[in-house]
Amino acid sequence: MGCLGNLLWFLFGGFWQGLGWGIAGVLWSITIIGIPIGRQCFKFASLAFFPFGKEVQYGGGAGSAILNVFWLLISGIPLAIAAAINGILLCCTIIGIPFGMQCFKMAKLALFPFGARVI
């Protein structure tokens with residue numbers, strides 16, 4: 001299911017979500033200070049392209065919390081809204097529910113990406 005799910009996901013929503021994370025990574029990486037945030041965006045862009053078979057573990061400390069606040073104010077809210085809308089649209093059909101659940105996973109990750117690890 002993982003390979004087929006990833007292929008269908010990429011065609012029906014994953015490309016656009018991964019592209020959004022990639023654009024955010026490029027914009028953050030333009031400045032020297034934003035390079036660590038941009039690297040995190042690129043890591044999660046690969047997750048957005050092919051999420052099936054991967055899990056996200058949340059953790060982190062004070063540094064992650066501070067970066068999450070900056071991220072949330074500048075880039076997190078638009079990415080989370082886009083993923084949530086995509087998830088709602090996909091959950092309108094029975095077949096789209098697993099894909100919608102992946103969208104909701106990406107929406108949560110878009111709100112708090114720092115301190116999260118992809119397994």
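Everything below is about the structure printed above this text.
These figures come from a predicted structure and were not determined experimentally.

Digging into the overall build of the protein chain
Of the regular secondary structure elements, the protein chain holds four helices and two strands. Its C-alpha atoms give the protein chain a radius of gyration of 14 Å, within 12% of the compact-globule value 14 Å for 119 residues. Considering the protein chain as a whole, with its 119 residues, one finds that 39% of them fall into the buried category. Restricting the contact set of the protein chain to residue pairs at least 6 apart, pairs at least 24 apart contribute 73%. Accessible area for the protein chain stands at about 6,800 Å²; split by element, carbon and sulfur atoms hold 79% of it.

Notes on the packing of aromatic side chains
Counted under the stated rule, the structure contains 12 aromatic pairs. For the ring pair Trp9 and Phe99, a centre distance of 6.5 Å and an interplane angle of 15° mean the geometry is stacked. With Trp9 in helix α1 (residues 2-29) and Phe99 in helix α4 (residues 97-111), this residue pair connects regions lying 90 residues apart in the sequence. Across this residue pair, the class does not change: Trp9 and Phe99 are buried. Joined through ring pairs, the aromatic side chains of Phe10, Phe15, Trp16, Phe49 and Phe50 make up one cluster. Positioned over the ring face of Phe44 is Lys43, at 5.5 Å from the centre of the ring.

Overview of the nonpolar core
Counting residues in hydrophobic clusters, the biggest one holds 20 residues, and the most contacted among them are Trp21, Trp71, Met106 and Leu109. Those elements giving two or more residues to this core turn out to be α1, α2 (35-49), α3 (62-90) and α4. Top element by residues in this core is α2. It accounts for six residues. For Met106, the residues in contact, after removing those within four places along its chain, are Gln17, Trp21, Phe44, Leu47, Ala48 and Ala83. Grouped together as the second largest cluster of nonpolar side chains are five residues, Trp9, Phe52, Leu90 and Phe99 included.

Description of a nonpolar patch on the surface
A cluster of nonpolar side chains, contributed by Phe15, Trp16, Leu19, Ile23, Val26, Leu27, Ile30 and Phe42, occupies part of the molecular surface with about 820 Å² of accessible area. Element by element, the count of residues in the nonpolar patch is highest for α1, at six residues. With respect to the helices, strands and loops of the structure, Phe42 is situated in helix α2. Since its relative accessible area comes to 39%, Phe42 is described here as partly exposed.

Cut-off values and rules
Each chain has its residues counted from 1, following the order in which its sequence is written. Residue-level local features of this predicted model are given only where pLDDT is at least 70; pairs of side-chain atoms are given and counted only at 80 or more, and the full residue set underlies all totals for whole chains, interfaces and linings. Each side-chain value is derived from all of the structure's non-hydrogen atoms; neither hydrogens nor water enter the calculation. Under the scheme used here, helices are H or I runs from DSSP no shorter than 4 residues and strands are E runs no shorter than 2 residues, and both carry numbers assigned from the N terminus. Only C-alpha atoms enter the radius of gyration, while the globule expectation follows 2.2 Å times N to the 0.38, with N the number of residues. Only protein chains enter the calculation, and the probe is 1.4 Å; a residue is then buried if its accessible area is under 20% of its type maximum, exposed if over 50%, and partly exposed in between. Contacts: residue pairs with any heavy atoms within 4.5 Å of one another. Method for areas: the Shrake-Rupley scheme with a 1.4 Å probe, in which residue coverage is limited to the protein chains shown. When the centres of two rings from Phe, Tyr and Trp lie within 6.5 Å, Trp using its six-membered ring, the rings pair. Their planes under 30 degrees apart give stacked, over 60 give edge-to-face, and anything left gives tilted. Our definition puts a charge over a ring when NZ of Lys or CZ of Arg is within 6 Å of the ring centre and also within 35 degrees of the ring normal. Only buried residues count toward a nonpolar core. Its members are Ala, Val, Leu, Ile, Met, Phe, Trp, Tyr and Cys residues joined through side-chain atoms within 4.5 Å. By definition, no residue in a patch forms a salt bridge, and every one has over 30% relative accessible area; like charges are joined within 9 Å, nonpolar side chains (Val, Leu, Ile, Met, Phe, Trp, Tyr) within 5 Å. Definition used for salt bridges: Asp or Glu carboxyl oxygen within 4 Å of a side-chain nitrogen of Lys or Arg.

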